[in-house]
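A structural walkthrough
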Amino acid sequence: MTRRPLLEAGVDEAGRGPLAGPVVVAAVILPADYDLAFLDDSKRLSAVKRERLAPEIEAQAIAYSVEFVEVDEIDRVNILQATMNGMRRAVESLDPRPQRALVDGNRAPEMPCEVETIIGGDGLVASISAASVLAKVYRDRLMMSMHELYPEYGFDRHKGYPTAVHLERLRQFGACEIHRRSFAPVRKVIGN
């Protein structure tokens, strides 16, 4: 009897640190024979390379899932718990379901499968790198669309991260609908 290979999903997120917008979590199951040129941790790839790679990942993956964890959930339960919730939902929505989830970092939620955390996994494990790329691409696309709604904040430049420009615009215009009110710089501006 031949054993079927273990289905492993790589899991990573983008957007834990920003003051605005969702956390985006991706889970990806790659086949053993994937062919993805320059696959790497999304932070080491240019935006152009990430955009080129994302549809290749989607086309070659056995399964992938992208989960948006919205600002209201982040503010309600805290950023870590919201990220863990997103990771669990991303893995649970994969079809087929993986037998193991490989999660970038040192923390993972309970999952419906075996879980292993890998510090620096987005640069070491192909499926985590693929998840890293999808999470970053989907989040960046969303933040570009948020720039259309709220151009005064410059989301097209900083994607919600706490840059000097973003902090200045936050002080100047106050918080908008997609700002995380539980984050200290936003709380300071809105006076809570």
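Up top you'll find the structure we're talking about.
Residues numbered from 1 in each chain as written. Predicted model: local features only at pLDDT ≥ 70, side-chain atom pairs only at ≥ 80, totals over all residues. Heavy atoms only, no water.

Some details on the environment of S182
Which entries qualify depends on this criterion: Elements are defined by DSSP. Helices are runs of H or I of four residues or more, strands are runs of E of two residues or more, and each kind is numbered from the N terminus. To sort residues, take the accessible area from a 1.4 Å probe on protein chains only and compare it with the maximum for the residue type: under 20% means buried, over 50% means exposed, and anything in between is partly exposed. Contact definition: two residues touch when any of their heavy atoms are within 4.5 Å.
Looking at the secondary structure, you find S182 in the loop between α6 (164-173) and α7 (184-190). A relative accessible area of 29% places S182 in the partly exposed class. Placed 94 residues apart in sequence, S182 and R88 show a C-alpha to C-alpha distance of 22 Å. Residue contacts for S182: discarding those within four places in its chain leaves I74, D75 and R187.

Quick notes on unusual backbone geometry
D95 connects to P96 through a cis peptide bond whose omega is 10°. Mapped onto the elements of the fold, P96 is located in the loop between α3 (79-92) and β4 (100-104). Non-glycine residue N78 carries a positive phi angle of around 100°. Residue placement: N78 occurs in the loop between α2 (71-77) and α3. Here N78 falls in the partly exposed class, since its relative accessible area comes to 41%. Positive phi, close to 55°, is recorded for K159, a residue that is not glycine.

Here's the deal with the pairing of strand β1 (residues 8-14)
For the record, the criterion: Two strands form a pair only when DSSP identifies at least two bridges running between them.
Most of β1 sits out of view: five of its seven residues are buried. Of the strand pairs in this sheet, β1 and β4 are connected by four bridges, and their pairing is parallel. The residue bridging V11 from the neighbouring strand is V103, located in β4. Bridge analysis of β1 against strand β2 (residues 23-29) gives five bridges, and the strand direction is antiparallel. Its bridge partner lying in β2, E13 is registered against V25.

Looking at the environment of M144
Of note, M144 is situated in helix α4 (residues 126-149). A relative accessible area of 39% places M144 in the partly exposed class. Along the primary structure M144 and H158 are separated by 14 residues, whereas in three dimensions their C-alpha atoms are 9.8 Å apart. Not counting chain neighbours up to four residues away, the residues in contact with M144 comprise D156 and K159.

Section: the environment of A82
In this fold, A82 is placed in helix α3. For A82, a relative accessible area of 0% gives the class buried. In sequence terms A82 and V24 are 58 residues apart; their C-alpha atoms lie 10 Å from each other. Discounting chain neighbours no more than four positions away, the residues touching A82 are V69, E73, I74 and V77.

Concerning helix α1 (residues 47-60)
Using the following cut-off: Multiply 1.5 Å by the residue count of a helix minus one, and that product is the helix's expected span. The reported bend at a residue is simply the angle between two axes, fitted to the 7 residues ending at it and to the 7 residues beginning with it.
Helix length check: α1 (14 residues) gives 20 Å between terminal C-alpha atoms against 20 Å at 1.5 Å per residue, within 8%. Considering bend angle alone, the principal kink of α1 is centred on L53 and spans about 25°; proline P55 follows within four residues of it. Taken together, the buried positions of α1 are occupied by R50, L53, A54 and I57. Taken together, the buried residues of α1 touch β2 and α4.

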